[in-house]
Amino acid sequence: MAASEGGFRPDLATVCGLVLAVGGILGGLVLEKGSVKDVAQFTAALIVIGGTVGAVMVNTPLDILKAAVAQLRTVLFEARQPTAKLIEEIIVYATKARKQGIVSLEADANNIADPFLKKAINLAVDGTDLDDLKAMMELEIDLADHAAEDAAKVFDSGGGYAPTIGIIGAVLGLIQVMKNLANLEEVGHGIAVAFVATVYGVGLANVLLLPAGGKIRARAAKDRQVRELALTGVIGIVEGANPKLIRSKLNAYLHAPAAGRAPEKASTPRAA
């Protein structure tokens with residue numbers, strides 16, 4: 001949510017995790033007196049990657065597939081979410097509304113960078129009933145959650161298909177091995193090459209695809225929390241609450257873990 005004003009930065013956890021995982025696997029291979037060339041098989045990579053991507057495309061509607069590809073940015077990059085700055089911005093609006101009335105925020109609303117907060121403030125300025133405002137903004141929160149979950153499931157499905165495609169690749173390799181049973185040296189080499197596809201399939205699933213789905217869900221949980229913070233602040237403004245009380249509620253979000261669950265449909269969003 002706050003990415004619109006905070007921008008993005010590389011996610012060190014993702015980058016370091018990929019380097020550590022791949023490095024650990026290849027390092028273990030080398031320590032076992034193997035060689036990186038043993039697993040550097042273009043045909044195995046082609047079978048696994050092509051087969052997995054194709055299976056995911058068959059399984060997934062095109063619009064969801066495009067959204068999932070776009071979500072890769074949230075895996076590789078971390079959105080800057082200046083929660084403390086957002087709280088200060090909301091308190092400024094709350095103070096002004098308490099002194100001059102909520103209509104005084106009309107000019108300010110047009111300059112709000114965050115689209116979610118901007119929409120909520122505009123609804124409040126327009127005199128939207130509080131229950132309707134909450135329902136509309138909670139619906140927007142839920143829809144964003146559903147979109148993120150759909151994207152995460154795309155990577156989950158890829159993580160399910162990749163190992164099986166790897167087995168297909170291994171079987172194809174073994175078929176070629178069976179054609180050369182007369183040459184035992186070639187048979188041994190062929191079997192080793194055949195099982196590389198299995199390594200690629202299991203590795204792709206467990207090092208990239210399944211973790212990517214988990215990262216997307218974690219990002220969505222954090223984004224939901226920031227939106228709930230903004231909604232709590234706007235509700236306080238509409239109710240004419242003391243800015244100090246609003247700050248007290250919003251500060252609880254600074255250290256609250258991202259639960260990643262749907263909010264309770266209560267009259268007031270939880271403050272902690």
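Note that the coordinates shown come from a computational prediction; the quantities given were computed from them, not determined experimentally.

Peer 1: Account for the overall build of the protein chain, naming residues and giving values.
Peer 2: A tally of regular secondary structure across the protein chain gives 11 helices and 2 strands. The secondary structure elements of the protein chain, listed N-terminal to C-terminal, are α-β-α-α-α-β-α-α-α-α-α-α-α. Counting the 272 residues in the protein chain, one finds 36% classified as buried. Partitioning the contacts of the protein chain with sequence separation of at least 6, the portion at a separation of at least 24 is 79%. If you sum the accessible surface of the protein chain, you get close to 14,700 Å²; carbon and sulfur atoms cover 64% of it.

Peer 1: Can you break down the pattern of salt bridges residue by residue, with the values?
Peer 2: This model, assessed by the stated rule, comprises 11 salt bridges. Salt-bridge contacts for Asp156 lead to Arg217; the nearest nitrogen and oxygen are separated by 2.6 Å. One end of the pair, Asp156, is in helix 8 (residues 130–178); the other, Arg217, is in helix 10 (residues 196–238), with 61 residues separating them in the sequence. Taking the relative accessible area as the measure of exposure, Asp156 reaches 25% and is therefore partly exposed.

Peer 1: Please give an account of the environment of Ala162 that cites residues and values.
Peer 2: Note on placement: Ala162 falls in helix 8. Residues Ala162 and Ala55, 107 residues apart in the sequence, show an inter-C-alpha distance of 9.0 Å. Leave out the neighbours within four places in its chain, and Ala162 touches Val48, Thr52, Gly201, Leu204, Ala205 and Leu209.

Peer 1: Let's hear about the packing of helix 7 (residues 115–125) against helix 8: which residues, and what values?
Peer 2: At a minimum axis distance of 10 Å, the contact between helix 7 and helix 8 shows a crossing angle of 165°. The angle between the axes of helix 7 and helix 8 places the two elements in the roughly antiparallel class. In the packing of helix 7 onto helix 8, the handedness of the crossing is right-handed. Residues Phe116, Lys119, Ala120, Leu123 and Ala124 of helix 7 lie in contact with helix 8, whose contacting residues are Leu133, Met136, Met137, Glu140 and Ile141. Taken together, the residues that form the contact of helix 7 with helix 8 break down as 8 nonpolar, no polar and 2 charged.

Peer 1: Report on the environment of Gly50, specifying residues and quantitative values.
Peer 2: Within the secondary structure, Gly50 sits in helix 3 (residues 42–59). Since its relative accessible area comes to 42%, Gly50 is described here as partly exposed. Sequence separation between Gly50 and Ile165 is 115 residues, and the spatial gap between their C-alpha atoms is 9.2 Å.

Peer 1: Mind laying out the layout of surface pockets, listing which residues take part and the relevant values?
Peer 2: Its volume calculated, the second largest pocket comes out at about 430 Å³. Val22, Val199, Tyr200, Gly203 and Leu204 are the residues nearest the centre of the second largest pocket, which is lined by 15 residues in total. Counting residues per element, the ones that place at least two in the lining of the second largest pocket are helix 2 (12–31), helix 3 and helix 10. A total of 6 residues in the lining of the second largest pocket trace back to one element, the largest contributor, which is helix 10. Its residues assigned to classes, the lining of the second largest pocket comprises 14 nonpolar, 1 polar and no charged.

Peer 1: Mind laying out the nonpolar core, listing which residues take part and the relevant values?
Peer 2: Within the largest apolar cluster, 32 residues are counted, with the highest numbers of intra-cluster contacts made by Leu117, Ile121 and Ile237. Going through the elements one at a time, helix 5 (83–100), helix 7, helix 8, helix 10 and helix 11 (243–251) are the ones with two or more residues in this core. When neighbours within four sequence positions are excluded, Ile121 is seen to be in contact with Tyr93, Leu105, Ala109, Ile112, Val234 and Ile237. Counting residues in hydrophobic clusters, the runner-up holds 15 residues, among them Val56, Ala151, Ile216 and Ala220.

Peer 1: For helix 3, give the residues involved together with the corresponding values.
Peer 2: End to end, helix 3 covers 25 Å across 18 residues, agreeing with the expected 26 Å (1.5 Å per residue, within 8%). Within the sequence span of helix 3, burial applies to Ala44, Ala45, Val48, Thr52 and Val56. End-on, the buried residues of helix 3 take up no more than an arc of 105°, which puts them together on one face. Exposed side chains of helix 3 directed beyond 90 degrees from the buried face belong to Phe42, Thr43, Leu46 and Val58.

Peer 1: Quick one: what's the story with the confidence of the model for the protein chain, residue by residue and with numbers?
Peer 2: Looking at the protein chain, pLDDT values average 86 and 88% of them are 70 or higher. When pLDDT is averaged over each helix and strand of the protein chain, the minimum, 48, is found for helix 1 (residues 3–6) and the maximum, 94, for helix 10. Contacts from residues 1–5, a stretch scored under 50 in pLDDT, to residues over four places away or in other chains number 24 contacts. pLDDT under 50 marks residues 260–272. Its contacts with residues more than four places away, or in other chains, come to 26 contacts.

Conventions adopted
- Residues numbered from 1 in each chain as written.
- Predicted model: local features only at pLDDT ≥ 70, side-chain atom pairs only at ≥ 80, totals over all residues.
- Heavy atoms only, no water.
- Helix = DSSP H or I, 4+ residues; strand = E, 2+ residues; numbered from the N terminus.
- Buried < 20%, exposed > 50% of the residue type's maximum accessible area, 1.4 Å probe, protein only.
- Contact = heavy atoms within 4.5 Å.
- Areas by Shrake-Rupley, 256 points an atom, 1.4 Å probe, with all protein chains shown as cover.
- Salt bridge = Lys/Arg side-chain N within 4 Å of Asp/Glu carboxyl O.
- Axes fitted to C-alpha atoms, helices over the stretch in contact; angles between N-to-C directions.
- Parallel < 35°, antiparallel > 145°, perpendicular 65-115°, else oblique.
- Left-handed = near helix turned anticlockwise from the far one by under 90°.
- Nonpolar A, V, L, I, M, F, W, Y, C, P; charged D, E, K, R; others polar.
- 1 Å grid on protein atoms, 1.4 Å probe; cavity = no way out; pocket = protein on both sides within 12 Å on 5 of 7 lines; lining within 4 Å.
- Points joined across faces, edges and corners; volume = space filled by probe spheres on them.
- Core = buried A, V, L, I, M, F, W, Y, C linked by side-chain atoms within 4.5 Å.
- Expected span 1.5 Å × (residues − 1).
- Arc of directions from axis to C-beta.
- pLDDT = per-residue confidence, 0-100.

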